[in-house]
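# A closer look at the structure
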Amino acid sequence: MNNKVVYTPGPTNVRENVRLARVQQATNPDIDNDFFHFYKNTCDKIASILNTKNDVYILSGEGILGLEAACASLTEKGDRVLVIDNGIFGNGFADFVTMYGGEAVYFSSDYTKDININELKCFLEKDNDFKYATIVHCDTPTGVLNNLREICPILKSHGILTVVDSVAAMMGENIDVDEWRIDVALGGSQKSISAPPGLTIVSVSEDAKKSMISRKSKIVGFYCNLLIWVDYYTNKSFPYTMPINDILGLDKAIDNIIEEGVKNVLERHEKIAIAIRNAIKDYGLELFLDKGYSNTVTAVKIPEEIGALKLTNYMLEKYNTLIATSLGQYIDKILRIGHMGENARLENIVYVLNIIDRSLSELGFKSNGRLVDLFNNYYK
Ligand SMILES: *Cc1c(COP(=O)(O)O)cnc(C)c1O
């Protein structure tokens, strides 16, 4: 299991100081007031990066927990929910909606581009009777980035609450929770934040809280009930024992981002992503997307005669390097370069591009040049 080079779009590489932060001697997180302050402080730092005054909580469970918790807490039997679907995660939200008794109504569009604002506007003019809408910020299997700055305020203008899965974007792409009017924003520890998997980050607006409190029926379940968090700090009581060592690691990862400067972190992602996209095209491969590129992951079409699975298996066996294909219908078609968080660093990217280039060439692909050279033409 050890010493592989991992370049997947999450989990990402974890810096040594984050790994070390996790091995500290820990206190009892249920009764030690110092831990309540520490936890709150970590949440406050995250809130400032997300540009929000909303409550932020860290839940014990991988990113999917947040998606389910948002749907569990907001959905009552028969509620109509708009599921904005231009990717595999976007589509999958419908499962959580229906699981809790809601009626999922899709607004679906082509998976090769971001959501078209005008088409969404037209759709909403005819039908806008939705309690909330779900949308994915960066849909990781294809790397499409949706324009939340435009989309969420439009939804809110129709009285629709907004639930955003930003697990793969948060802290690699800008997110302005308050200005963009996001009611529930969801993140995970293992993507651009570059801490190990296991934690969900969730911000909850007053509108969302009100909607949860004024339900006619009780929220089903306990772990997925976001209301159990609301008074934790006033009451100095967590709903369950917090995974303190995971949170020590997350806090350090957040400090790393703050220390580098959020603006610098976002710029680092952007510079690397632009150079990779251009280099891939010059090299002779096609990007999966026509538009709406996220700066956290790049989906590259792999020629059929090679196949993405054969390529990734080859890279693992020959070069001990783990790079992901995609999910579902794209599993053998797309190679995904995960350049988020600690992965978005020049020294590592150059290494990985070299491995991709060598492997493709050894599998018979005829390129227009060396991928690293092409990358260097754009990386300034
Ligand atoms: C990673 C990710 C999640 C979390 O899900 P896992 O598949 O369990 O890692 C949720 N949403 C998006 C968009 C993600 O990229």
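Residues numbered from 1 in each chain as written. Predicted model: local features only at pLDDT ≥ 70, side-chain atom pairs only at ≥ 80, totals over all residues. Heavy atoms only, no water.

Here the structure, examined in full by the defined rule, presents two cavities of 30 Å³ or more. Size it by volume and the largest cavity reaches roughly 80 Å³. Surrounding the largest cavity, 13 residues form its lining, I193, S194, A253, I257 and E342 being those nearest its centre. Secondary-structure elements contributing two or more residues to the lining of the largest cavity are helix 9 (244–260) and helix 10 (262–283). Its residues assigned to classes, the lining of the largest cavity shows five nonpolar, five polar and three charged. Residues lining the lining of the largest cavity come from more than one domain, with at least three contributed by each of domain 1 (5–9 + 261–378) and domain 2 (16–259). (1 Å grid on protein atoms, 1.4 Å probe; cavity = no way out; pocket = protein on both sides within 12 Å on 5 of 7 lines; lining within 4 Å. Points joined across faces, edges and corners; volume = space filled by probe spheres on them. Helix = DSSP H or I, 4+ residues; strand = E, 2+ residues; numbered from the N terminus. Nonpolar A, V, L, I, M, F, W, Y, C, P; charged D, E, K, R; others polar. Domains from an automatic or database assignment.)

A word on the layout of surface pockets. In this structure, the second largest pocket encloses a volume near 220 Å³. Lining the second largest pocket are 13 residues, with K301, I302, P303, E304 and K333 positioned closest to its centre. For the lining of the second largest pocket, the class distribution of residues is six nonpolar, two polar and five charged.

Attention shifts here to the site of the ligand. Taken together, the residues surrounding the ligand are E62, I64, F89, V136, C138, T140, D165, V167, A168, Q190 and K191. The separation between an oxygen atom of the ligand and a polar side-chain atom of E62 is 2.9 Å. Measuring from an oxygen atom of the ligand, one finds a side-chain N or O atom of K191 at 2.7 Å. In isolation the ligand offers 380 Å² of accessible surface; the protein chains occlude 80% of this area. Of the residues belonging to the shell around the ligand, the class tally is six nonpolar, two polar and three charged. (Near = heavy atom within 4 Å. Polar contact = N/O pair within 3.5 Å; in protein donor to acceptor, adjacent residues only side chain to side chain. Areas by Shrake-Rupley, 256 points an atom, 1.4 Å probe, with all protein chains shown as cover.)

As annotated in UniProt, the feature "binding site: substrate" (unreviewed entry) corresponds to R336 in the numbering used here. With respect to the secondary-structure elements, R336 resides in strand 14 (residues 334–338). The buried category is assigned to R336, whose relative accessible area is 8%. If we skip the residues at most four places from it in the chain, R336 touches Y7, P9, T140, P141, V297, T298, A299, I323, A324, T325 and S326. For R336, the side chain forms a polar contact with the main-chain oxygen of T140, separated by 3.0 Å. (UniProt positions renumbered as here; feature names shortened; annotations may be inferred. Buried < 20%, exposed > 50% of the residue type's maximum accessible area, 1.4 Å probe, protein only. Contact = heavy atoms within 4.5 Å.)

On to the sheet that holds strand 2 (residues 55–60), then. Spatial ordering of the open sheet is given by 2-10-9-8-5-3-4, a layout of seven strands whose pairing is mixed. Looking at strand neighbours, the two that pair on one side only are strand 2 and strand 4 (103–108), the edges of this open sheet. Direction aside, neighbouring strands of the sheet carry axes that sit 20 degrees apart on average. Alignment of strand 2 against strand 10 (residues 199–204), held across six bridges, turns out to be antiparallel. By the bridge assignment, D55 is partnered in strand 10 with V204. Here helix 9 sits on the sheet in contact with strand 2 and strand 10, set at roughly 70 degrees to strand 10. (Pairing = 2+ DSSP bridges. Axes fitted to C-alpha atoms, helices over the stretch in contact; angles between N-to-C directions.)

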